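Structural overview for review
Below are the chains, spelled out letter by letter.
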Amino acid sequence: MNISAAARGSLRVVGLGPGDDALMTDQVRASIAAATDAFGYFPYIERLQGLGHLQLHASDNREELDRARAALDLAARGRQVLMLSSGDPGVFAMASAVFEVLEAATPEQQQRWAAVDVEVQPGITAMLAAAARLGAPLGHDFCCINLSDNLKPAAVIELRIRLAAQADFAMAFYNPCSKSRPEGFARALQALKDECEPERLICFARNVSRPDETLNVVTLAAATPEMADMRTVVIVGNSLTRQVGRHVYTPRSYGLPAHG
Ligand code: SAH
């Protein structure tokens with residue numbers, strides 16, 4: 001099939017940011033304005049309600065691969081398709097799902113999708129929005145761990161937490177717990193308590209940049225599993241992370257004393 005340039009479909013995998021429209025990039029705003037269709041998990045689709053020019057295709061959270069195939073199929077028919085993620089699409093979100101589907105394509109799908117212009121457009125991820133609200137808890141080396149065990153064994157999660165703590169990384173935890181995994185975050189907390197001193201700062205940032213945002217900073221000794229839910233990103237300081245006024249920050253150097 002010979003597709004002219006004008007009819008060429010696109011798939012823009014975009015990050016909407018953490019919630020507040022002011023934290024959405026102009027690039028993503030322009031892609032939304034130019035699109036014909038949007039795919040995504042229900043709550044992300046809801047953020048585009050009222051944009052009459054868009055055909056909305058909402059789906060459940062566990063249907064990422066079907067959603068990616070459907071979006072590619074529609075783009076192959078010449079539509080300008082958006083794939084929505086909250087935050088950044090490359091952080092525990094749809095961008096990798098799209099590439100998983102492209103990699104596993106049958107010869108027939110490969111031929112159909114070859115003409116689709118696929119592009120990933122970044123957004124402000126929850127961890128960075130939360131860190132800015134808190135101060136600068138990720139101001140030195142840090143890592144970022146998805147606590148969901150849907151796609152990886154619980155033992156791998158625990159090992160990563162322990163090794164990151166031993167290497168004195170600050171950490172950000174996504175998906176700390178959900179109804180189907182109430183015990184997940186309790187295990188993560190226990191691993192931290194085994195590896196770190198009780199004064200270690202741990203920050204619970206819920207619904208960052210949304211009207212009901214809450215920030216809660218406690219010591220590891222005072223942290224309990226129910227402080228996190230699926231709308232919370234958890235930031236664990238390194239051994240030097242401290243409070244200055246109402247802010248939490250991690251110094252850039254080990255020249256400063258611990259908990260000074
Ligand atoms: N792609 C998204 C992450 C999706 S995973 C991003 O880059 O932000 C979903 C997890 O992200 C949630 O369980 C929570 O841990 C975190 N999250 C997303 N938005 C958030 C917000 N506004 N406030 C706090 N945590 C958020």
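Just so you know, these numbers come straight off a predicted model, no measurement behind them.

Attention now goes to the sheet that holds strand β6 (residues 135-136). Read across the sheet, three strands follow the order β6-β13-β12 without closing on themselves; strand pairing throughout is mixed. What marks the edges here is a single partner per strand, and that holds for β6 and β12 (242-244). The pairing of β12 with strand β13 (residues 247-249) spans three bridges and is classified as antiparallel. Along β13, the bridge assignment pairs Val 244 with His 247.

Bringing the site of the ligand into the picture now. Taken together, 20 residues lie around the ligand, and Asp 88, Val 91, Thr 125, Met 230 and Thr 232 are the ones closest in. Asn 175 is positioned with one of its side-chain polar atoms (N or O) 3.1 Å from an oxygen atom of the ligand. Between an oxygen atom of the ligand and a main-chain N or O atom of Met 230, the distance comes to 2.6 Å. Along the lines of polarity and charge, the residues of the shell around the ligand split into eleven nonpolar, six polar and three charged.

This part takes up the environment of Glu 103. In this fold, Glu 103 is placed in helix α4 (residues 94-103). We classify Glu 103 as exposed; its relative accessible area is 71%. Spatially, the C-alpha atoms of Glu 103 and Gly 237 are 37 Å apart, while their sequence positions differ by 134 residues.

Along strand β8 (residues 170-174), five of the five residues are buried, which leaves the element largely enclosed by surrounding structure. Alternating residues of β8 divide into Ala 170, Ala 172 and Tyr 174 and Met 171 and Phe 173, and every residue in both groups is buried. In the sheet, strand β7 (residues 142-146) pairs with β8 via five bridges, with the strands oriented parallel. Bridge pairing in β8 places Phe 142 opposite Ala 170.

Moving on to the sheet that holds strand β1 (residues 10-15). Strand order in the open sheet formed by five strands is β3-β2-β4-β1-β5, with parallel pairing between adjacent strands. Unpaired on one side and paired on the other, β3 (55-59) and β5 (117-121) mark the two borders of the sheet. Within the sheet, the average angular offset between the axes of one strand and its neighbour, ignoring direction, is 20°. Note that strand β2 (residues 37-41) and strand β4 (residues 80-85) share three bridges and pair parallel. When the bridges of β4 are listed, Asp 37 appears paired with Val 81.

Looking now at a nonpolar patch on the surface. Residues Ile 124, Leu 128 and Phe 142 make up a contiguous nonpolar surface patch of roughly 230 Å² in combined accessible area. Relative to the elements of secondary structure, Phe 142 occurs in strand β7. A residue is classified by how much of its surface remains accessible, and Phe 142, at 33% relative accessible area, is partly exposed.

Taken as a class, soluble globular proteins show a tendency for nonpolar side chains to be buried jointly. Among the nonpolar cores identified, the biggest contains 24 residues, and Ile 161, Met 171, Phe 173, Phe 185, Leu 192 and Ile 202 are the most heavily contacted of them. Listed by contribution, the elements that provide at least two residues to this core are β7, α7 (154-166), β8, α8 (184-195), β9 (201-206) and β11 (232-236). The biggest single contributor to this core is α8, with five residues. Setting aside anything within four residues of it in sequence, one finds Met 171 in contact with Cys 143, Ile 161, Ala 164, Ala 165, Leu 192, Val 234, Ile 235 and Val 236. Counting residues in hydrophobic clusters, the runner-up holds 19 residues, among them Leu 11, Leu 72, Met 83 and Ala 95.

We note that the domain assignment places domain 1 (10-124) and domain 2 (127-249) within the chain. Domain 1 and domain 2 are separated by 28 Å when their C-alpha centres are compared. Counting residues at the interface gives eight residues for domain 1 and eleven residues for domain 2. For the domain 1 and domain 2 pair, buried surface summed over both sides reaches about 740 Å², with 59% attributable to carbon and sulfur atoms.

We now examine the state of the cysteines. The final tally for this structure, using the stated rule, is zero disulfides. Here Cys 144 stays unpaired: no disulfide links it, and the sulfur of Cys 143, its closest cysteine neighbor, is 7.5 Å away. Lacking any disulfide linkage, Cys 177 is separated from the closest cysteine sulfur, that of Cys 144, by 16 Å. Owing to a relative accessible area of 10%, Cys 177 belongs among the buried residues under this scheme.

Reading guide: rules and limits
- Residue indices follow the written sequence of each chain, beginning from 1 at its first position.
- Reporting of local features is limited, given that this is a predicted model, to residues whose pLDDT is at least 70; pairs of side-chain atoms are given and counted only at 80 or more, and all residues count toward the totals for whole chains, interfaces and linings.
- Side-chain measures here rest on the full set of heavy atoms in the structure, leaving out hydrogens and waters.
- The criterion for strand pairing is that DSSP finds at least two bridges linking the strands in question.
- Here a helix means four or more residues in a row that DSSP labels H or I, a strand means two or more in a row labelled E, and each is numbered from the N terminus.
- When we say a residue is near a molecule or strand, we mean one of its heavy atoms is within 4 Å of it.
- Think of a polar contact as two N or O atoms within 3.5 Å of one another; within protein, one of them needs to be a possible hydrogen donor and the other a possible acceptor, and neighboring residues in sequence only count if both atoms come from side chains.
- The residue classification treats Ala, Val, Leu, Ile, Met, Phe, Trp, Tyr, Cys and Pro as nonpolar and Asp, Glu, Lys and Arg as charged. All others, Gly included, are polar.
- Residue burial is assigned from relative accessible area. The probe radius is 1.4 Å, only protein chains are included, and a residue is buried under 20% of its type maximum, exposed over 50%, and partly exposed in between.
- Angles here are taken between N-to-C directions and fall from 0 to 180 degrees, while the axes themselves are lines fitted to C-alpha atoms, restricted in helices to the stretch in contact.
- A residue counts toward a patch only above 30% relative accessible area and without a salt bridge, and it is joined to like-charged neighbours within 9 Å or, for Val, Leu, Ile, Met, Phe, Trp and Tyr, to nonpolar neighbours within 5 Å.
- Here the open area of atoms and residues is found with the Shrake-Rupley method and a 1.4 Å probe, where only the protein chains shown may cover a residue.
- Here a salt bridge means any side-chain nitrogen of Lys or Arg lying within 4 Å of a carboxyl oxygen belonging to Asp or Glu.
- We call a set of buried residues a nonpolar core when its members are Ala, Val, Leu, Ile, Met, Phe, Trp, Tyr or Cys and they connect through side-chain atoms within 4.5 Å of each other.
- Only heavy atoms matter for contacts: two residues are in contact if any of them lie within 4.5 Å across the pair.
- Note that the domain bounds were set by an automatic or database domain assignment.
- What gets called buried area is simply the loss in accessible area from a 1.4 Å probe that two parts show on being joined, summed for both.
- By disulfide we mean two sulfur atoms from cysteines, separated by a distance within 2.5 Å.

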